[in-house]
Amino acid sequence: MDLKDVLSKLRGVKRQGDGYIALCPAHDDHNPSLSINEKDGKVLLHCFAGCEYTDILKAVGVERKRTKQSRSKKEKPKKQAEGKETGLTLKVYAEAKALSTDHLESHGLEDCKHAKRNAVRFPYFDVDGNLVATRYRLSMDGQPRFVWKTGDKPVLYGLWKIKEWIK
Ligand SMILES: [Zn+2]
């Protein structure tokens, strides 16, 4: 893929800094949001509206070749799948609190996913036993440890036993 080749296929090309800007072919662009730069003989494309690099290439109609962007993209999912970024599970939480998972489950705690990471879901009930909010614990000591379910208002604790464990 060569810079001239790419530029010849784009509309609204203008010089900008060391590179160019143009109308992004991958979305309905009226205000040039695609930046085109050349680095070490490679053409770099970036859409400020957030189009995927591969979609832009497809829309431009040029053959895909390896670039820095495509390589770093491949590495990403791998990193997320391993190590510390996997979050918290009920099993780990139970061990840390010296409680059995069965016991925690009997109080409504369960494994779930929050933002693609493992998390433990804590249901919050009112005095009548109605579910009023959900809180997710994401880690034992990382930050943030807890998040509320989107849209739920933080509920005052004190209605029942989980309070002792959540400290
Ligand atoms: Zn775009």
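Use the structure listed above.
Draft legend 1. Quick peek at unusual backbone geometry. We note that D40 has phi near 50 degrees; this positive angle belongs to a residue other than glycine. Here D40 shows up in the loop between β3 (34–39) and β4 (42–47). A relative accessible area of 63% places D40 in the exposed class. You will see that K116, though not glycine, has its phi angle at about 70 degrees, which is positive. Residue placement: K116 occurs in the loop between β5 (110–114) and β6 (117–125). The exposure class assigned to K116 is exposed, which follows from its relative accessible area of 79%.

Draft legend 2. Examining the coordination of the zinc ion more closely. At this site the zinc ion is bound by C24 (SG), H27 (ND1), C47 (SG) and C51 (SG), with donor distances of 2.0 to 2.3 Å. Classification of the site at the zinc ion as tetrahedral follows from its four donor atoms and the range of 102 to 121 degrees in their angles at the metal. All donor residues of the zinc ion come from one chain, and their arrangement in sequence is C-x2-H-x19-C-x3-C. What makes C24 buried here is its relative accessible area of 3%. Residue H27 is classed as partly exposed on the basis of its relative accessible area of 27%.

Draft legend 3. Structural detail: the pairing of β5. With five bridges connecting them, β5 and β6 associate as antiparallel partners. When the sheet's bridge partners are listed, K113 is paired in β6 with N118. Taking the residues that link successive antiparallel strands as the turn, the β5-β6 hairpin has two residues, and the phi of A115 there is positive, at about 50 degrees.

What counts as what
- Residues numbered from 1 in each chain as written.
- Predicted model: local features only at pLDDT ≥ 70, side-chain atom pairs only at ≥ 80, totals over all residues.
- Heavy atoms only, no water.
- Helix = DSSP H or I, 4+ residues; strand = E, 2+ residues; numbered from the N terminus.
- Buried < 20%, exposed > 50% of the residue type's maximum accessible area, 1.4 Å probe, protein only.
- Donors = N, O, S within 2.8 Å, 3.2 Å for Na, K, Ca; no water.
- Tetrahedral: all angles 85-135°; square planar, octahedral: opposite > 155°, others 65-115°.
- Pairing = 2+ DSSP bridges.

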